[in-house]
Amino acid sequence: MNVKNLFEKLFFKDIQADDYPSSRKSLMLVKVICTSVIVLVFLGGSLFVVTHAISHYKEARDNFLLEPERIEDTAVGLRKAVFFTKEEGDPTSVQGILAYLEGYEKGRLELEIGNINDIPVDLVSIQDKEGKNIYQFEENAILDPNDTIEYHTFEFYNVNEKIAGNRQELFVNYSYGDGEIKQALVSPFSRIDDEIFISTDIRIKDNMSGFDFIAENDEYIYFVGDEVMISEPLFIPSGKELRVFAGQKIDLTTQAFIVTRATVDFAGDEAKPIRVFSSDGTGRGLIILQAGGRSTVSHTIFDGLDTPVSGVWSLTGAVTFYESDVDIQHSGFTNNVCEDGLNIIRSDFSITNSYFADSFSDAFDADFCTGLITDSTFSRTGNDAVDASGSQLEIINANMESIGDKGISGGEHSQINIEGIQIVDAVIGIASKDLSLITGENISVSNSMIGITLYEKKPEFGPAFVDINNFHLTGQVDLDYLIQQKSILKIDDQLIMPRSAAKESLLFEKMIAGEPIQ
């Protein structure tokens, strides 16, 4: 017997017999055993044992194929799992409906129920875990079958909060018109609407032809007119730069947003700044997506914008640069009503002589970036002025005032160097967490709850570090330093030791949980 025939017999090509497919797991186990034996035999030089092993495997395979009930049992189990039933037979043995809890508010319970069988279903009642019927459906509550599942909404009023609170203990009783009551558990979650996925249009790369105010030449794409109203999402492909001219006004209405895979040049000037805004308060902002080059934004104001949303897709920034380097100067980000006024992700950037004001949450969020911020101001933010994650930043000559959370926040192994920073009226002046290092000099924090805090928020990282010189706390500051054990704070080359008061432990718990500490 040659080696080729030996392996052909071992890895049987004839693994079908009597129209019953063999179990892959069982065959694989025997193959592994036999392969091991063959290796040992080759090493020992005995072909007799190899032949014996193949004969033993063939006998085991034949015995397995003589027991087709094993295969049938497996198939039955699969059918039961697919059709939500413990029995086989006619369609009435299969679960006939799917029910979802859409919501409960002020005594109103809302369910969505769909017929998943191919015969009509009569809805009878809602039942609790004790078997008590809580509500009866009307007599004509019949769900007819359809080619696709059609869901119907049912509302019930004056529902006891205790009943609605047991979200995993509600059942719908139904029948197939024969009087036999069947039961389906109500899912405690809302139904996923397929239309949401269908309506997600972020994959569109170019729909410029549908906008009559867009023009292009050999070098760039541009908007025609001093005032441009965009009332639906606009997608600009890569290739040519998108250029916006000084004095142009771009009005995003009816939840419109702009996605450009091309670099942008917003070329405003001091006398004629560019303005991107939303006259009806629904505009969804600007996204520069993997542009492949470096963009510039000069003398441009982004005002009153929200985050882009399309179906199941959404971002956090009113203006977002994703894997798209950018230089921003003499520009403003104001009145933005989303998580980040400006979000830059995996990019290199510079921000100079710019301002951020009246942000609903964070003014600026840098994720996995390298960048420079100089001569800029941050005021009246709902959360952080500058929030950095996994980034290397330098912040020079920045003023931060009326900050709803942290003036400067470094997380996820960020490295931030700060110089000439003034932070007034913040909850926390400077926060370093999760292996981040903040260094710098000439820093002042005044009228804030906590001057500097260092802690570990995510256990996969570790403690935090701050090393700054010429640091001043002025005005009313409730707590100068809050240092978690293992984190290291140095002020003017002096090591500041952590305290262990119960109050401080509570503050750490709130910060780690993301809760407000005020």
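As a reminder, the structure under discussion sits directly above these lines.
Read on for a plain summary of the structure.

## Examining the overall build of the chain
The helix and strand inventory of the chain stands at 7 helices and 39 strands. As presented, the chain carries roughly 26600 Å² of accessible surface, and 50% of it is formed by carbon and sulfur atoms.

## Overview of the pattern of salt bridges
Counted according to the given criterion, the structure contains 16 salt bridges. The partner of Asp-384 in a salt bridge is Lys-406, with the nearest N and O atoms 3.9 Å apart. Of this pair, Asp-384 sits in the loop between β32 (370-381) and β33 (386-389) while Lys-406 sits in strand β34 (residues 392-411), and the two are 22 residues apart along the sequence. Given the relative accessible area of 10%, Lys-406 is considered buried.

## Regarding the pairing of strand β37 (residues 465-483)
Bridging between strand β36 (residues 437-455) and β37 involves 14 bridges; their strand directions are parallel. When the bridges of β37 are listed, Gly-440 appears paired with Ile-468. As paired elements, β37 and strand β38 (residues 488-491) share 4 bridges and run parallel to each other. Bridging across to β38, Phe-465 finds its partner in Ile-488.

## Quick word on the packing of aromatic side chains
One pass over the full model with this rule turns up 16 aromatic pairs. Note on Phe-137 and Phe-154: the rings are 5.3 Å apart at their centroids and 90° apart in plane angle, and the pair reads as edge-to-face. Taken together, the residues Phe-137 in the loop between β6 (133-136) and β7 (142-143) and Phe-154 in strand β8 (residues 151-156) connect sequence positions 17 residues apart. The exposure class assigned to Phe-137 is buried, which follows from its relative accessible area of 10%. With a centroid separation of 6.2 Å and an interplanar angle of 80°, the aromatic rings of Tyr-220 and Phe-245 are classed as edge-to-face. Remark: Phe-245 occurs in strand β15 (residues 241-245) and Tyr-220 occurs in strand β12 (residues 220-223); sequence separation between them is 25 residues. For Tyr-220, a relative accessible area of 14% corresponds to the buried category. With relative accessibility at 31%, the residue Phe-245 sits in the partly exposed group. Through pairs of rings, three or more aromatic residues link up here, namely Phe-266, Phe-302, Phe-333, Phe-349, Phe-356, Phe-364 and Phe-378. Above the plane of the ring of Tyr-220 lies Arg-243, whose end atom (NZ or CZ) is 4.0 Å from the centre. Across the ring face of Phe-277, the terminal group of Arg-275 is positioned such that the distance to the ring centre comes to 4.2 Å.

## Points about a nonpolar patch on the surface
A surface patch of nonpolar side chains, about 300 Å² in accessible area, is lined by Ile-488, Leu-495 and Met-497. On the accessibility criterion, Ile-488 (34% relative accessible area) is partly exposed.

## Re the pairing of β15
Residues Leu-242 and Val-244 point to one face of β15 and are all buried, whereas Glu-241, Arg-243 and Phe-245, pointing to the other face, are not buried. Bridge count for β12 against β15 is 3 bridges, and the pairing is parallel. If you follow Tyr-222 over to β15, its bridge partner there is Arg-243. The sheet contact formed by β15 and strand β18 (residues 264-267) spans 4 bridges and is parallel. Note on β18: the bridge partner recorded for Arg-243 is Asp-265.

## Focus on unusual backbone geometry
Phi is positive for Gln-290, close to 45°, though the residue is something other than glycine. Among the secondary structure elements, Gln-290 is positioned in the loop between β20 (286-289) and β21 (294-298). For Gln-290, a relative accessible area of 46% corresponds to the partly exposed category. Phi is positive for Glu-323, which is not a glycine, with a value near 50°.

## Digging into the environment of Glu-419
Counting through the fold element by element, Glu-419 comes out in strand β35 (residues 415-433). Under the relative-accessibility criterion, Glu-419 is labelled partly exposed at 28%. The spacing of Glu-419 and Asn-442 is 23 residues in sequence and 5.8 Å in space, taken between C-alpha atoms. Setting aside residues up to four positions removed in sequence, Glu-419 forms contacts with Glu-394, Ile-395, Ile-396, Asn-397, Glu-441, Asn-442 and Ile-443.

Definitions and limits used
- Residues numbered from 1 in each chain as written.
- Predicted model: local features only at pLDDT ≥ 70, side-chain atom pairs only at ≥ 80, totals over all residues.
- Heavy atoms only, no water.
- Helix = DSSP H or I, 4+ residues; strand = E, 2+ residues; numbered from the N terminus.
- Areas by Shrake-Rupley, 256 points an atom, 1.4 Å probe, with all protein chains shown as cover.
- Salt bridge = Lys/Arg side-chain N within 4 Å of Asp/Glu carboxyl O.
- Buried < 20%, exposed > 50% of the residue type's maximum accessible area, 1.4 Å probe, protein only.
- Pairing = 2+ DSSP bridges.
- Phe/Tyr/Trp six-rings, centres within 6.5 Å; stacked < 30°, edge-to-face > 60°.
- Lys NZ or Arg CZ within 6 Å of the ring centre and 35° of its normal.
- Patch = residues over 30% accessible without salt bridge, like charges linked within 9 Å, V, L, I, M, F, W, Y side chains within 5 Å.
- Contact = heavy atoms within 4.5 Å.

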